[in-house]
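# Summary of the model geometry
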Amino acid sequence: MSVPAIEVQNLHRLFGNVHAVRGVSFRIEQGSVTGFIGANGAGKTTTMRILATLDHADQGEARVMGHDVLNDTAKVRQLLGWMPDTLGAYANVTVVEYLDFFARAYGFRGNDRLDRVHDVLDFVELTPLAERMTNKLSKGQGQRLCFARALLNDPQVLILDEPAAGLDPKARVELKRLIRLLADQGATILISSHILSELSEMCNAMLFINDGRIVHHGDAETMRRGTQAGVRVLARIHGPVEAAADWAVTDPDASLLETITGAIRLQLAQDDPATIAAVLRRMVQANLAVTEFRVEERRLEDAFMEMIDGPLPPDMTTPKAPAAPPPLPAATAAPAPAPAATDSSP
Ligand code: ATP
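Here goes a summary of the coordinates provided.

## Digging into the overall build of the protein
Per the secondary structure count, the protein includes eleven helices and 14 strands. When burial is assessed residue by residue, the protein has 44% of its 346 residues classed as buried. Here the protein has roughly 18,200 Å² of accessible surface; of this, 54% comes from carbon and sulfur atoms.

What follows is the structure in structure tokens.
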């Protein structure tokens with residue numbers, strides 16, 4: 001069996017009294033594209049920075065392609081591409097100068113360096129912007145430049161921290177395409193996000209972290225299918241959905257998961273075609289104008305919530321009216337001073 005691309009054992013990281021990573025262990029096989037999912041502050045960046053040799057664990061071990069990140073740092077850096085969630089402060093350089101600097105740091109010299117810089121620029125489709133100042137790039141262009149930088153050393157393992165954050169839908173599609181291309185070429189990719197749907201199409205494995213602990217690691221397809229019996233159905237209704245919601249309460253095979261605009265989501269106890277057809281028939285017999293009736297793929301959001309909390313009973317998943325916010329206190333004190341300007345643009 002080949003060496004795992006990434007192996008982490010009992011990793012701990014404390015920042016003062018904040019226990020950011022609490023005994024994290026996982027193993028990622030070569031060639032996998034793994035989504036690293038967790039809420040803000042769950043410990044994703046901390047874990048990734050340790051893997052990228054940019055931070056030290058307080059306890060535990062991490063290996064990249066079998067090399068220890070602490071004892072074999074140079075080798076790990078040679079094998080690894082790291083894309084942080086920000087471009088960093090390199091304001092007064094052009095795109096091509098920025099990449100040239102890092103290519104030099106990776107040891108590329110002469111024409112090899114020029115070729116490598118132009119190859120990665122082409123790959124991320126930034127060649128037309130090669131002479132643009134990096135501080136004049138849009139968010140998406142900056143992300144692509146970061147991505148290009150992570151590819152300079154032709155890494156076998158790529159660690160991407162929130163690469164899709166802030167991208168518009170077109171840029172996201174493009175990012176997915178590039179990630180699939182690299183995966184097809186054999187790279188192992190660990191990619192973080194706090195938005196499940198961002199990763200569901202590009203990953204074949206999911207690693208969930210919550211409050212510094214891994215809560216699930218498995219293949220993405222199994223997660224979508226889920227372990228719960230039965231099936232979920234989306235029924236779109238012409239007319240008031242409240243009538244459909246009321247009907248669902250009385251049906252023997254269906255229970256209401258939630259009411260959304262123009263539709264209801266149902267949990268059916270069985271997933272056999274006869275039960276699904278019978279529920280649809282009863283809806284129509286109840287004079288509900290059903291315009292769409294569709295068995296749903298399990299939402300990864302639901303899977304994640306079940307892993308953290310256990311499954312919610314159907315009636316708990318129906319959105320409730322939000323509680324009224326407390327009234328704002330009257331503005332009696334003088335307003336706080338405006339924060340100091342932080343805009344670093346020239
Ligand atoms: P996000 O999705 O918001 O980027 P994350 O999952 O990447 O979150 P981390 O950045 O790893 O989370 O942070 C985990 C915890 O550790 C958080 O509570 C954070 O405030 C804390 N933390 C991270 N870095 C530091 C630091 N340098 N000093 C103090 N606390 C830190």
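## Brief notes about the nonpolar core
If you look at the biggest cluster of nonpolar residues, it comprises 44 residues, and the most contacted ones within it are Leu-99, Phe-147, Ile-179, Ile-189 and Ile-191. Counting 28 residues, the second largest nonpolar core, distinct from the first, contains Ala-5, Val-76, Leu-80 and Val-157.

## Notes on the site of the ligand
Near the ligand you find Phe-15, Val-18, Ala-20, Ala-39, Asn-40, Gly-41, Ala-42, Gly-43, Lys-44, Thr-45, Thr-46 and Glu-162, and these make up its full shell. In this structure, Gly-41 approaches the ligand through a main-chain N or O atom, which is 2.7 Å from an oxygen atom. The contact in question runs from an oxygen atom of the ligand to an N or O atom on the side chain of Lys-44, over 2.8 Å. Burial of the ligand by the surrounding chains reaches 60%, relative to a free accessible area of 640 Å². Among the secondary structure elements, those contributing two or more residues to the shell around the ligand are β2 (18-28) and α1 (44-51). Looking at side-chain class alone, the shell around the ligand contains five nonpolar, five polar and two charged residues.

## Section: the environment of Glu-296
Relative to the elements of secondary structure, Glu-296 occurs in strand β14 (residues 289-296). Within the structure, Glu-296 has its side chain in polar contact with the side chain of Arg-265 (distance 2.9 Å).

## Here we look at the pattern of salt bridges
When the charged atoms of two side chains with opposite charge come close together, those side chains can pair. A full pass over the atoms with the stated rule returns 16 salt bridges. Among the salt bridges present, the one from Asp-253 reaches Arg-282, with a minimum N-O distance of 3.0 Å. Of the two residues, Asp-253 is situated in the loop between α9 (241-250) and β12 (254-260) and Arg-282 in helix α10 (residues 273-285); the sequence distance between them amounts to 29 residues. The exposure class assigned to Asp-253 is partly exposed, which follows from its relative accessible area of 22%. By relative accessible area, which is 24% here, Arg-282 ends up partly exposed. Across the pair Glu-292 and Arg-294 runs a salt bridge, and its minimum N-O distance is 2.7 Å. The network of salt bridges with common partners includes Glu-7, Arg-27 and Glu-29.

## Examining the pairing of strand β10 (residues 213-219)
Note: strand β9 (residues 205-210) against β10, six bridges, orientation antiparallel. Looking at the pairing, Ile-209 lines up with Ile-214 of β10. Two successive antiparallel strands, β9 and β10, enclose a turn made up of two residues, where Asp-211 displays a positive phi of approximately 50°.

## Some thoughts on the packing of aromatic side chains
Following the criterion strictly, the structure yields three aromatic pairs and no others. Plain terms: the ring middles of Phe-26 and Phe-36 are 6.1 Å apart, the flat faces sit at 50° to each other, and that makes the pair tilted. Of this pair, Phe-26 sits in strand β2 while Phe-36 sits in strand β3 (residues 33-37), placing them ten residues apart in sequence. Phe-26 sits in the buried class, given a relative accessible area of 5%. On the basis of relative accessible area, Phe-36 is assigned to the buried category, the value being 0%. Where Phe-101 meets Phe-102, the ring centres are 5.1 Å apart and the plane angle is 90°; that geometry is what we call edge-to-face. Overall, the relative accessible area of 47% leaves Phe-101 in the partly exposed class.

## Focus on the sheet that holds β2
One open sheet accounts for four strands, arranged β2-β1-β4-β5; its pairing is antiparallel. The outermost strands of the open sheet, each flanked by one partner alone, are β2 and β5 (67-68). Bridge analysis of strand β1 (residues 6-15) against strand β4 (residues 59-64) gives five bridges, and the strand direction is antiparallel. By the bridge assignment for β4, Ile-6 is matched with Val-64. α1 contacts β1, β2 and β4 of the sheet and is inclined by roughly 120° relative to β1.

## Some words on the side chain of Gln-267
Positionally, Gln-267 belongs in strand β13 (residues 263-268). A polar contact of 3.1 Å, which involves the side chain of Gln-267, links it to the side chain of Arg-232.

Calculation criteria
The written sequence of each chain sets the order in which its residues are numbered from 1. In view of the model being predicted, local features appear only for residues whose pLDDT reaches at least 70, and side-chain atom pairs are presented and counted only at 80 or more, with totals across whole chains, interfaces and linings using the full set of residues. To get the side-chain values, take all heavy atoms of the structure and skip hydrogens and water. A run of H or I in DSSP counts as a helix once it spans at least four residues, and a run of E counts as a strand once it spans at least two, with each numbered from the N terminus. We call a residue buried when its accessible area falls under 20% of the maximum for its residue type, exposed when it is over 50%, and partly exposed in between, using a 1.4 Å probe and counting protein chains only. Here, Shrake-Rupley sampling with a 1.4 Å probe gives the accessible areas, and only protein chains in the shown set may cover a residue. Definition of nonpolar core: a set of buried residues of the types Ala, Val, Leu, Ile, Met, Phe, Trp, Tyr and Cys, connected through side-chain atoms within 4.5 Å. One heavy atom within 4 Å of a molecule or strand makes the whole residue count as near it. N or O atoms closer than or at 3.5 Å make up a polar contact, with two conditions inside protein: a donor-capable atom paired with an acceptor-capable one, and, for residues adjacent in sequence, both atoms drawn from side chains. Basically, the charged four are Asp, Glu, Lys and Arg, the nonpolar ten are Ala, Val, Leu, Ile, Met, Phe, Trp, Tyr, Cys and Pro, and anything else, Gly included, counts as polar. A pairing counts as a salt bridge when a side-chain nitrogen of Lys or Arg comes within 4 Å of a carboxyl oxygen of Asp or Glu. Only strands joined by at least two bridges in the DSSP assignment are considered to pair. Centres within 6.5 Å make a pair out of two Phe, Tyr or Trp rings, where for Trp the six-membered ring is used; the pair is then stacked when the planes are under 30 degrees apart, edge-to-face when over 60, and tilted otherwise. Contact criterion: two residues are considered in contact whenever any of their non-hydrogen atoms come within 4.5 Å of each other. Fitted lines through C-alpha atoms give the axes, limited to the stretch in contact for helices. The angle between two N-to-C directions lies from 0 to 180 degrees.

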